[in-house]
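Spelled out, the chains give:
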Amino acid sequence: KQLSSSIHSVGTSKRRGRNSDSLFIHEHLTLAESSQRLIDVTARHKKQVENIARESARWQNDMHFKLSKLAMMCQDLNDESAKRKEQVEIAKTDLGQVKEERNAMASELDILRARIALYEKQEMETVEIRRMLREDENETMRMTDRAISERDLIIDDLTVRLQQSLDDLEKKD
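None of the values given here were measured: they were computed from a predicted structure.

Conventions used here
- Residues numbered from 1 in each chain as written.
- Predicted model: local features only at pLDDT ≥ 70, side-chain atom pairs only at ≥ 80, totals over all residues.
- Heavy atoms only, no water.
- Helix = DSSP H or I, 4+ residues; strand = E, 2+ residues; numbered from the N terminus.
- Buried < 20%, exposed > 50% of the residue type's maximum accessible area, 1.4 Å probe, protein only.
- Areas by Shrake-Rupley, 256 points an atom, 1.4 Å probe, with all protein chains shown as cover.
- Salt bridge = Lys/Arg side-chain N within 4 Å of Asp/Glu carboxyl O.
- Patch = residues over 30% accessible without salt bridge, like charges linked within 9 Å, V, L, I, M, F, W, Y side chains within 5 Å.
- pLDDT = per-residue confidence, 0-100.
- Contact = heavy atoms within 4.5 Å.

Some remarks on the overall build of the protein chain
- Across its full length, the protein chain carries two helices and zero strands.
- Going through the 173 residues of the protein chain one by one, you find that 1% of them count as buried.
- Here the protein chain has roughly 16,400 Å² of accessible surface; of this, 59% comes from carbon and sulfur atoms.

What follows is the structure in structure tokens.
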């Protein structure tokens, strides 16, 4: 611009003074507008940065709260899991004892069944022996009755003979 102003400097010095003043004012106004726009953009940017910082801080606080809550939930789950694990161990121990008792009872039941079978067999044998004894007893009684009857007959016969012998002896005497 200085070149063009020096070329036109002849006869234009008055005009140049007015033009340079208006150019200066125009540049000054443009510079002022640009400065104002820069200030506005800077203020807007600053507000955006502050908003982003606030949002970021709020988001971080929310995430920290959620993370703390999640950590507490995990701890509760771990505690509950430990309790359940302990209960499972107790249940396994109890189940083992119940199985042992059941097996012992099953063995005892087998032994008792065997004893009952033996007692039933012995009872049947006893009943059979009693039956045989009764039959033998009845037979023995019949035989005894016969033997007694025969003895009585012999005694009667001998008594009669003895009486005759005594009678005969008395007669001889």
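Looking at the pattern of salt bridges
- Following the criterion strictly, the structure yields eight salt bridges and no others.
- One salt bridge connects R58 with E55, and the closest N-O pair in it is separated by 2.4 Å. Of this pair, R58 and E55 both sit in helix α2 (residues 13-172), three residues apart, roughly one helical turn.
- Relative accessible area serves as the criterion here: at 44%, E55 is assigned to the partly exposed category.
- Two residues, R151 and D152, come together in a salt bridge whose shortest N-O distance is 3.2 Å.
- Through salt bridges with shared partners, a single network forms among E55, R58 and D62.

Re a nonpolar patch on the surface
- On the surface, a nonpolar cluster with roughly 330 Å² of combined accessible area is contributed by F24, I25 and L29.
- The partly exposed category is assigned to I25, whose relative accessible area is 48%.

Concerning the confidence of the model for the protein chain
- Mean pLDDT over the protein chain: 85, with 88% of residues reaching 70 or higher.
- This model gives residues 1-14 a pLDDT under 50, and the stretch forms four contacts once residues within four places in sequence are excluded.

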